[in-house]
Amino acid sequence: MVKREERAERAPLSRTAGKPVELVKEAMHASVSDPVAASMNFLNEVAGRYPDAISLAAGRPYEGFYDTADIKRYLDVYVAYLGDQGSTPDQIRRALMQYGRTNGQIHGLIARMLAIDEGIEVPAEAISVTAGCQEAMIMALRGLCAGPDDVLLAAEPCYVGITGAARVLNIDVVPVPEGPDGLDPARVAEVARAVRAQGRRPRALYLVPDFSNPSGRCLDLPARHALLDVAAAEDLLILEDDPYGLFGLDDRPRPRLKSLDRDQRVIYLGSFAKSCFPGARIGFLVADQTVVDATGHRTLLAEELSAIKSMVTVNTSPIAQAVVGGLLVESGCSLKAANVDKIAFYRQNLLRLLDALDRHLPAPWRDEAGISWNVPAGGFFAMVDVPIPADEKLLEVSASRHGVLWTPMSFFYTDGGHHSLRLSCSGLDPDTLEEGVRRLATLLRESIA
């Protein structure tokens, strides 16, 4: 309980007694003033002020694959599937239109998809179907981090969704800097030990092993095995986020950490935003770890986390689940089969982006100017290093004078990335992507000159 003296020192909720309330921002939770959130809001505001600017910033999927008729088709497929499974019309109506199972109803289809596409063998009961992957992150973080000394390790640069979720939950995030080849397992061990030496407890490590957002980096197979060894040695769980794993530049097998997991150290986070469409708002987590209580009773972690979900979204929309369920049934529970055209498109767009950079910022001029970029093996993003500050001021100039948007890499660091920018290639048709890179090149030439 807060003492009265402590209450008096805190900022009041409002300053307008007897008048319409004006809330004091300093009295609100720190998450509303999160610098990363403010930066992303700035990016959205710039996009709103310059609606004709070409966006190399947004990592949204390409809308050319979407047809509203697909929604009804997927629903019809799923309804027919339920009937084939023996459900009566009343049961089908209830499945789509009533409150449903907290952890979802398409968990069995997702389990089959994971086995077919990724070699991940888990019981369906270990899967929670969530309202987007963001909810899966919140459930995992809240369940794992029980006290103020529990912290999350995260690869840096880092997807802002996980750092934002941690901020909302008052969980400290300790960055583990990536190297040129992605996250170094030895560095993870060092950071975990340093955190423990401070009297705090590193509970989990978050990373995107395949074509990460924002850097586009990918862990090789030896590093994946080494990371699992480090997790065991340092008593860490791994939060493996996999939004881009389908979209490699080739068909080379890149086993997910969860498929290599023999000690149940990995909690797998998935989403159908790119493989189906974002409007469905369906994600999932795989948490097959065993939880033991004081009486010796054993349950699956996914079942325990459902208590958190029941207090957040109650249950994930059954209608949205039915849409994704219809996609899975129609494709034989293979996202690889369902996304053949998308995979080809995103591969070509990433290659187009890299080729356009090479042509519009040619050597030797770019070498003399100090411009370089990475060559990702897949995904939606590339990272460009520049000799000038890639900050909000430059972004404003880029949008207003050159009609092109991009994302400062500093948005993804606690302190860093000030001379780098992230480019997305996912949401644009080839001609618009080409024009966007041409405009970016003009900006860089003028700014550097």
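Residues numbered from 1 in each chain as written. Predicted model: local features only at pLDDT ≥ 70, side-chain atom pairs only at ≥ 80, totals over all residues. Heavy atoms only, no water.

(A) Representation of the nonpolar core within the structure. Of all hydrophobic cores here, the largest spans 71 residues; its most connected members are Ile110, Tyr206, Leu239 and Phe272. In terms of residues, this core owes the most to one element, helix H6 (residues 133-144), which gives 7 residues. By size, the runner-up hydrophobic cluster in this structure holds 43 residues, among which are Ala53, Phe412, Leu423 and Leu443. (Core = buried A, V, L, I, M, F, W, Y, C linked by side-chain atoms within 4.5 Å. Buried < 20%, exposed > 50% of the residue type's maximum accessible area, 1.4 Å probe, protein only. Helix = DSSP H or I, 4+ residues; strand = E, 2+ residues; numbered from the N terminus.)

(B) The packing of aromatic side chains, seen in detail. Evaluated as defined, the whole model comprises 14 aromatic pairs. Between the aromatic rings of phenylalanine 272 and phenylalanine 284, the centroid separation amounts to 5.6 Å while the plane-to-plane angle is 45°, which identifies the pairing as tilted. Within this pair, whereas phenylalanine 272 is found in the loop between strand E7 (266-271) and strand E8 (283-286), its partner phenylalanine 284 is found in strand E8, the two being separated by 12 residues in sequence. Each residue in the set Tyr62, Phe65, Tyr244, Phe247, Phe345, Tyr346, Phe380 and Phe381 is aromatic and connected to the rest through ring pairs, giving one cluster. (Phe/Tyr/Trp six-rings, centres within 6.5 Å; stacked < 30°, edge-to-face > 60°.)

(C) Structural view of the pattern of salt bridges. Counted according to the given criterion, the structure contains 28 salt bridges. Arginine 73 is the partner of aspartate 70 in a salt bridge, and the nearest nitrogen-oxygen pair spans 2.6 Å. One end of the pair is aspartate 70 and the other is arginine 73, both in helix H3 (residues 69-84) and 3 residues apart, which spans about a single turn. By relative accessible area, aspartate 70 is classed as buried at 18%. Given a relative accessible area of 34%, arginine 73 falls into the partly exposed group. (Salt bridge = Lys/Arg side-chain N within 4 Å of Asp/Glu carboxyl O.)

(D) Region of interest: the layout of surface pockets. Volume-wise, the largest pocket comes out at about 1,200 Å³. Along its surface, the largest pocket is lined by 48 residues, and Ala58, Gly59, Arg60, Tyr159 and Lys274 are the ones closest to its centre. Counting residues per element, the ones that place at least two in the lining of the largest pocket are helix H2 (35-49), H6, helix H7 (160-168) and E7. Grouping the constituent residues of the lining of the largest pocket by class yields 27 nonpolar, 13 polar and 8 charged. Space inside the second largest pocket adds up to approximately 410 Å³. For the lining of the second largest pocket, a count of residues per class yields 12 nonpolar, 3 polar and 4 charged. (1 Å grid on protein atoms, 1.4 Å probe; cavity = no way out; pocket = protein on both sides within 12 Å on 5 of 7 lines; lining within 4 Å. Points joined across faces, edges and corners; volume = space filled by probe spheres on them. Nonpolar A, V, L, I, M, F, W, Y, C, P; charged D, E, K, R; others polar.)

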